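Residue-level structure breakdown
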Amino acid sequence: MGLSVVAFSLILDTQWTLIDSMYFALVTCTTIGYGDLVPETMAGRVFTIVYALTGVCFLGIALGILGNHLVETQEAAVEQTSMVAKKRLLSLFSSAGGTYPKNN
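Residues numbered from 1 in each chain as written. Predicted model: local features only at pLDDT ≥ 70, side-chain atom pairs only at ≥ 80, totals over all residues. Heavy atoms only, no water.

**Things to note about the overall build of the protein**
Scanning the protein from N- to C-terminus turns up three helices and zero strands. In the protein, the succession of α and β elements from N to C terminus is α-α-α. Here the C-alpha atoms of the protein give a radius of gyration of 28 Å, more than 25% beyond the 13 Å that 2.2 N^0.38 yields for 104 residues. Based on the C-alpha atoms only, the size of the protein along its principal axes is roughly 90 × 25 × 20 Å. Sequence separation of at least 24 residues holds for 43% of the intrachain contacts in the protein that already meet a minimum separation of 6. Summed over all atoms, the accessible surface of the protein reaches about 7,900 Å², with 70% contributed by carbon and sulfur. Separation of charge centres in the protein, based on 5 positive and 7 negative side chains, amounts to 32 Å. (Helix = DSSP H or I, 4+ residues; strand = E, 2+ residues; numbered from the N terminus. Rg over C-alpha atoms; globule rule 2.2 N^0.38 Å. Contact = heavy atoms within 4.5 Å. Areas by Shrake-Rupley, 256 points an atom, 1.4 Å probe, with all protein chains shown as cover. Lys, Arg positive; Asp, Glu negative; His and termini not counted. Charge placed at Lys NZ, Arg CZ, Asp CG, Glu CD.)

Structure, rendered in structure tokens:
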């Protein structure tokens, strides 16, 4: 994203401020695209197309990694909770001293 901010503010559309370039880069990368800022030059438009396509790919990969991490963390927490519950249940039965009702 830093490269795109530099490209938009210093190279491609020099009338944009650094804040405008950061805003445009974020809005474009996340595919929001309000349309209030648009590149004026052909080079800026081509760069924006390439930036938007790669940004969407990287954003998808990052969100996939984050989602995978969240699922693995949740699964580990469920497994740990299950193990604690099993240990408690076994301790209840073992503390009963083996006096279980017999089925006839």
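**A few points about the nonpolar core**
In this structure, Val-5, Ala-7, Phe-8, Leu-12, Trp-16, Phe-24, Ala-25, Cys-29, Leu-37 and Tyr-51 together form the largest nonpolar core, which totals ten residues. When residues of this core are traced back to their parent elements, those giving at least two are helix 1 (2-12) and helix 2 (18-29). With four residues, helix 1 is the single largest residue contributor to this core. Excluding anything up to four places from it in sequence, Ala-25 contacts Met-1, Ser-4, Val-5 and Tyr-51. (Core = buried A, V, L, I, M, F, W, Y, C linked by side-chain atoms within 4.5 Å. Buried < 20%, exposed > 50% of the residue type's maximum accessible area, 1.4 Å probe, protein only.)

Coordinates in, geometry out; function isn't part of it.
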